[in-house]
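Chain residues, written in single-letter form:
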There are 4 protein chains.
Amino acid sequence: MTRVGIINVTGYMGAEAARLLGRHPQAKLVSVTGRSAAGKPLGEVFPHLAPLGLTIEEELGEVDAVVSALPHAASAEALLPYIKRGLPVVDLSADFRLRKAEDYEAWYGTHPTPDLLSKAVMGIPELHRDEIAGAKLVAAAGCHATAAILALAPLVRHGLIEPDVIADSKTGISGAGRTLGLSYHFSEANEDVAAYALGGHRQLPEITQELGALWEAPPPRVTFVPHLIPMTRGILVTAYASLRRDTTTDQLYDLYASFYETSPFVRVVDRPPATKQTLGCNDCLLFPTFDERTGRLVVVGVLDNLMKGGAGQGIQCLNLMLGLPEAAGLQGLALYP
Amino acid sequence: MTRVGIINVTGYMGAEAARLLGRHPQAKLVSVTGRSAAGKPLGEVFPHLAPLGLTIEEELGEVDAVVSALPHAASAEALLPYIKRGLPVVDLSADFRLRKAEDYEAWYGTHPTPDLLSKAVMGIPELHRDEIAGAKLVAAAGCHATAAILALAPLVRHGLIEPDVIADSKTGISGAGRTLGLSYHFSEANEDVAAYALGGHRQLPEITQELGALWEAPPPRVTFVPHLIPMTRGILVTAYASLRRDTTTDQLYDLYASFYETSPFVRVVDRPPATKQTLGCNDCLLFPTFDERTGRLVVVGVLDNLMKGGAGQGIQCLNLMLGLPEAAGLQGLALYP
Amino acid sequence: MTRVGIINVTGYMGAEAARLLGRHPQAKLVSVTGRSAAGKPLGEVFPHLAPLGLTIEEELGEVDAVVSALPHAASAEALLPYIKRGLPVVDLSADFRLRKAEDYEAWYGTHPTPDLLSKAVMGIPELHRDEIAGAKLVAAAGCHATAAILALAPLVRHGLIEPDVIADSKTGISGAGRTLGLSYHFSEANEDVAAYALGGHRQLPEITQELGALWEAPPPRVTFVPHLIPMTRGILVTAYASLRRDTTTDQLYDLYASFYETSPFVRVVDRPPATKQTLGCNDCLLFPTFDERTGRLVVVGVLDNLMKGGAGQGIQCLNLMLGLPEAAGLQGLALYP
Amino acid sequence: MTRVGIINVTGYMGAEAARLLGRHPQAKLVSVTGRSAAGKPLGEVFPHLAPLGLTIEEELGEVDAVVSALPHAASAEALLPYIKRGLPVVDLSADFRLRKAEDYEAWYGTHPTPDLLSKAVMGIPELHRDEIAGAKLVAAAGCHATAAILALAPLVRHGLIEPDVIADSKTGISGAGRTLGLSYHFSEANEDVAAYALGGHRQLPEITQELGALWEAPPPRVTFVPHLIPMTRGILVTAYASLRRDTTTDQLYDLYASFYETSPFVRVVDRPPATKQTLGCNDCLLFPTFDERTGRLVVVGVLDNLMKGGAGQGIQCLNLMLGLPEAAGLQGLALYP
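About the thresholds
Residue positions within a chain follow its written sequence, with the count starting from 1. Naming scheme: in the order in which they are written, chains are lettered from A and ligands are numbered from 1. pLDDT decides what is reported in this predicted model: residues at 70 or higher carry local features, side-chain atom pairs at 80 or more are listed and counted, and totals for whole chains, interfaces and linings draw on all residues regardless. Only heavy atoms go into the side-chain values, all of them from the structure, while hydrogens and water stay out. Secondary structure elements follow DSSP: runs of H or I no shorter than four residues count as helices, runs of E no shorter than two count as strands, and numbering proceeds from the N terminus. Each radius of gyration is computed over the set of C-alpha atoms, and the globule rule expresses the reference value as 2.2 Å times the number of residues to the power 0.38. When accessible area is computed with a 1.4 Å probe and restricted to protein chains, residues below 20% of their type maximum are described as buried, those above 50% as exposed, and intermediate ones as partly exposed. What makes two residues a contact is simply this: any of their non-hydrogen atoms within 4.5 Å. We get accessible surface area from the Shrake-Rupley algorithm with a probe of 1.4 Å; when it comes to residues, only the shown protein chains can shield them. We count Lys and Arg on the positive side and Asp and Glu on the negative side, and we leave His and both chain ends out. Lys charges are placed at NZ, Arg charges at CZ, Asp charges at CG and Glu charges at CD. Here the buried area means the combined drop in accessible surface, using a 1.4 Å probe, for two parts upon being joined, counting both sides. Salt bridge, as used here, is a side-chain nitrogen of Lys or Arg placed within 4 Å of a carboxyl oxygen of Asp or Glu. We define a polar contact as two N or O atoms separated by no more than 3.5 Å, with the added condition that, inside protein, one atom must be a possible hydrogen donor and the other a possible acceptor, whereas residues neighbouring each other in sequence contribute only through side-chain atom pairs. Three categories are distinguished: nonpolar for Ala, Val, Leu, Ile, Met, Phe, Trp, Tyr, Cys and Pro, charged for Asp, Glu, Lys and Arg, and polar for the others, with Gly belonging to the last. Fitting of the copies onto one another was done by least squares over C-alpha atoms, counting residues only where both copies have pLDDT of at least 70. Pairing between strands is defined by DSSP: at least two bridges between the two strands are required. Structural elements are reduced to axes, namely lines fitted to C-alpha atoms, with helices fitted over the stretch in contact, and the angle between N-to-C directions of any two is expressed from 0 to 180 degrees. The pairing test for Phe, Tyr and Trp rings, Trp by its six-membered ring, is centres within 6.5 Å, and the orientation test on the planes gives stacked under 30 degrees, edge-to-face over 60, and tilted for anything in between. We count a charge as sitting over a ring when the NZ of a lysine or the CZ of an arginine lies within 6 Å of the ring centre and within 35 degrees of the ring normal.

A. The overall build of chain A, seen in detail. Helix and strand content of chain A: ten helices and 14 strands. Here the C-alpha radius of gyration of chain A, 19 Å, is about what a compact globule of 337 residues would show, namely 20 Å. Across its three principal axes, chain A shows a C-alpha extent of roughly 60 × 45 × 40 Å. When burial is assessed residue by residue, chain A has 68% of its 337 residues classed as buried. Taking the intrachain contacts of chain A between residues at least 6 apart in sequence as the baseline, contacts between residues at least 24 apart amount to 71%. If you sum the accessible surface of chain A, you get close to 10900 Å²; carbon and sulfur atoms cover 49% of it. Each charge class in chain A can be summarised by its mean position, and for the 28 positive and 36 negative side chains these summaries are 3 Å apart.

Structure below.
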């Protein structure tokens, strides 16, 4: 059984990866690290993970594969030794999502290991399944980006829409992580909704890169506006696009269904989905529709930001890299209500 | 002091009107009705209104002005006698918002009193202040519509944008009223976000009508998608539009500031607003901005759906109709946090 | 593999049982019924259960064991044929929880099959493990009752406290089920807390019966006050009792730890637990402590009302009845945050 | 018109005091301070207070009365100059709530100005109305303490109960203030309930002091357990006590009604109250009842922790000190829903 380690288990992404790997039927979580909590039982930091019986370590022990839940920059640095040793590595941070170092630099600053960018594969199995299966370094895509890309990819690949789209995203607050901040203070965030990152959000270049690769020139224009809403988990993206040629609702539905036919975690649905239908599971539900009055396409996509938008997608990639069934350890149904 | 009555005080809109009128310095709430609860003390249905000492009646007593919080169709019928008597009437339902009977019919069915439509004034003081002051019948605009219209009106009137806009709206659940429904059941609605009315929402024609009146031909295309988010009060609309000619951020801000210069309840702000900043007060905060990468205009507007999006706006209109200061009884600050 | 059927899958308890049995490693969910939804795909009623590929039926098909999620009275009637055939039956309703028909009658009305009461076993494995393993008819205990009983049982069995206790319980709203009601309407229940059933709650006799069986005479007096708090899942009970003889904190902790030593789902913790630590999992966390100033015992217990307080406990009982490992299908960790 | 200043307007208590004083009909908010934000417009820190047009200052300007919203210790020090000048001072912190310096020291550490303790009056107008009216230094009682004391005071004064009570309190998270902390991080606090301060909460001595003053010897034993629940505002206390002599429900109700007859903000209600019924208003609703099975008294009390449990109560005291009507500036009805 593959021995897996998690770097930085003390945030929400790391904890979610531990929840999944700790019950994975074909992989064994053997080691977890955490900068400030080294030496503590994992159950002291996260009581829900106490049954795993692990202790947080300074450095990973013997492992066959690595998942990093460190923030960007720190992640690339910490992963370098494992990458060099040729271990399968999944990075949940943004460090290896962008193909071009200048894109990374524009949004995040200098990349610690820019030459590795060309070796990494973007961790969206629905678009890059085969590449992921053959890769040693995979970067699970961002939560907003995954939702927006999956919502629009079929339209783009079939040349159905103009290269000018809007993604209006609504996210639960766990996406901001466990680090404290006034915007995430309960009394401020509860009973409230606000747009943020109106000057540009770091997951925009992921969307542009991935959709751009599917489009013919000219490069697409993407307006992406995220909103913070008062719930813990879940992302709903409402994507707006203009049609290039006439299509019927049935054709639209069929196009999505066939695009995602071999993807176990994308479900094309015939009624507006709700984020709650994906709570704690790895599904992404897509609902493509028309605004008949304006001819505009409106696609609604939902997922759990820590699952298909994070750790779940990471494990999905890891499964492919290890030659396991894509859905291994990810078959839990959503928690509802 | 003007004696005011509320028809159908037993829903959220009626209760909010009672909260405001019950503490209004220049009007006196003297009578409230409620279909099923007639005979009961108001404080039995709404304990927070017990201090008003009112009893719910079958029919209004002697009043000088009327506010109706009935649903559409029922509202027009119930208001007819008061309209005939020439009393100042504010309707919080949709019955008198649309100028054309065919628009009403397309969205709501046959209008009970279609000939009155031409006599009614749309209750958005920021656009129709003088007409409202001279009117006897005013229809307070819908909650989503108010937010979307106020967010876009300055751009439209100045011909700054293409007549093709998107309004992505996020609303708290009190907008759905007090009538039970699975979508509003706590366990379903909590920790959830979903788009609804994707086939067309009844407040769309209000938006089209009001923005259309400001635009030159051709009539604007409006895509409006509302979303239900897990909070009680508040609406945030994110409006997207394409520029017709170059503008700077400063010009944009000035344009909004001057457009709303004389409007006591619209505040143009220089940072992204949050719905919580308007909780329980009659303000609408607007934040106009560019997406610099795509040149697209993004305007964020927030308000409390039961206040500026409902009863508060109704009282604002009533003040104008009665020759009172526009802000009388509406000066309470938002409850924060 | 044992074929299991669920009667009345269309409520939250039934859906939770389906979530668990649909992924159970040693049982197969083969049939589900639902009164009003017969003929519909299960995924139409509950999209999160669509991956199970089941259709809701009028009557159960061929099964080897039955779980009922019907309301009381209806449940006993529907289960009768299966009980007669000798199939292992787990009832999630209150129909078989009380040993005395007069207790049932006092709280619920006439029992449909009172002679079966003596054959049923109370479904709290921590107190009745062996009886359950040998039973054909088990009634999973109520959600509040499970929390209160597990919190107090060790104290009672060891004669540590006076037979006069208080259980102040705080519950998420899913405990009220999927049936609509004003108290569970989002706008009413959100941002609110209220006590209910102050005249007596139906789970009180369960608490009295189970604790009473552990006590010596006289029968205990139990004051039980439930409160509705604005969250979906989770129960926290704060139990108060007066000491009969001196005890140290260490002794108290040891007493709990040894009492639950063989119970895989009860964890005695050394810091105040939070309901979120049990979200979606079958754990009950207990924190026994003193109020040093008054010498009063305060025991805090938390669980997920649909899991250890409902369907999870039911499956735990079913496992025992079928000779399976007690924790089969229940090893998922809590979803956090 | 009395000119009032607020020290430390930048927390929730200070902001709430500003919301109330900024619209007070017989007092004028003229000056506000805030340690870190001096020089900023108040509307920059709290956009909902922008309409007040105030700038945060380093020190108060010319004022006739002072409200302090500083934390304990800092508050006493900052108030000293104003106390010396004989200005009416209301302290929202705990610095002047306890009569005995040793009590303060046991819970908070050394008191900065212990000799002033004897000059201060406890700010619960329902118990100390006349003293407050004649005082220059009043300490508004704590949020939990106010709820617990008001819930039990009538029983105690009439010698109806044994001097051994339990107060199980459930509070919204704004009670913890605006300072960041993991327990108040949205993702941790949402969908969660937990007991805290099980080793003793700082408002316990207030409860003991105030109830003790009403009791005959021996001093009462009070077990007080607060719980954090996922809402922003509101406290519900469930108080449990044992009867000393027989009483009927009617007698109980009458006793409460007559005890609070002259108190404009305490309403004795005949159905279980909900915190939402007091949102943003200064009311405390009390529901006294019996548990008939055990003869135990159960009293439920609700209030808004920032209003009757904080700033609202402070203004109520200030009104009395200034010879104004007790309810001046506090007549706003609750925001519902």
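B. Structural detail: the interface of chain B and chain C. Each partner contributes to the interface: chain B provides 19 residues, whereas chain C provides 19 residues. For the chain B and chain C pair, buried surface summed over both sides reaches about 1700 Å², with 57% attributable to carbon and sulfur atoms. Along the contact surface separating chain B from chain C lie two salt bridges. Between R178 of chain C and E188 of chain B there is a salt bridge; the shortest N-O distance is 2.8 Å. Inspection of the chain B/chain C interface yields twelve residue pairs in polar contact (both at pLDDT 80 or more). When its residues are assigned to classes, the side of chain B that touches chain C shows nine nonpolar, eight polar and two charged.

C. How the structure looks around the relation of the copies chain D and chain C. After a rotation of 180° and a shift along the axis of 0.0 Å, chain D superposes on chain C with an RMSD of 0.0 Å. What the superposition gives is, in effect, a two-fold axis relating one chain to the other. If distances are taken from each C-alpha of chain D to the rotation axis, the shortest is found for P230 of chain D, at 3.2 Å. Interface overlap between copies is the fraction of interface residues in one copy that are interface residues in the other; for chain D against chain C it reaches 100%, indicating a shared surface.

D. View of the sheet that holds strand β12 (residues 266–268) of chain C. All names here are of chain C. Taken in spatial order, the seven strands line up as β9-β10-β8-β11-β14-β13-β12 in an open sheet, and their pairing is mixed. Edge positions in the sheet fall to β9 (194–195) and β12, since each has one partner strand and no second. Pairing geometry for β9 and strand β10 (residues 221–228), over two bridges, is antiparallel. The residue of β10 that forms the bridge with A195 is H227.

E. Quick peek at the sheet that holds strand β13 (residues 284–291) of chain B. Residues and elements named next belong to chain B. Spatially, the seven strands line up as an open sheet ordered β9-β10-β8-β11-β14-β13-β12, and their pairing is mixed. At either end of the open sheet lies a strand with only one pairing partner, and these are β9 (194–195) and β12 (266–268). With respect to the sheet, helix α9 (residues 249–259) is in contact with β12, β13 and β14 (296–303), its orientation differing from that of β13 by roughly 155°.

F. How the structure looks around unusual backbone geometry. P337 of chain C follows Y336 of chain C through a cis peptide bond whose omega is 0°. Counting through the fold element by element, P337 of chain C comes out in the segment after α10 (311–321). For N8 of chain B, which is not glycine, the phi torsion reads 70° and is therefore positive. For N8 of chain B, the position within the fold is in the loop between β1 (2–7) and α1 (12–21). For A73 of chain D, which is not glycine, the phi torsion reads 75° and is therefore positive. Mapped onto the fold, A73 of chain D is located in the loop between β4 (65–68) and α3 (74–84).

G. Representation of the relation of the copies chain B and chain C within the structure. Rotating chain B by 180° about the axis while translating it 0.0 Å along that axis superimposes it on chain C, leaving an RMSD of 0.0 Å. Looking at the interface residues of chain B, 100% of them are also at the interface in chain C, so both copies use one shared face.

H. Quick peek at the packing of aromatic side chains. Scanning all chains against the criterion turns up 14 aromatic pairs over all chains. Taken together, a centroid distance of 4.9 Å and an interplanar angle of 25° make the contact between Y104 of chain A and Y108 of chain A stacked. Here Y108 of chain A and Y104 of chain A lie together in helix α4 (residues 101–108), a separation of four residues that amounts to about one turn. Here Y104 of chain A matches Y108 of chain A in class, with each residue buried. Above the face of the Y336 of chain C ring, K276 of chain C is positioned so that its terminal group lies 6.0 Å from the ring centre.

I. A look at the side chain of K308 of chain A. All names here are of chain A. Inspection of the secondary structure puts K308 in the loop between β14 (296–303) and α10 (311–321). Of the residues examined, K308 reaches a relative accessible area of 0% and is grouped as buried. A distance of 2.8 Å separates polar atoms of two side chains, one belonging to K308 and the other to Q316. Apart from residues no more than four positions distant in its own chain, K308 is found in contact with P125, E126, T146, L150, C281, N282, D283, C284, L303, Q313 and Q316.

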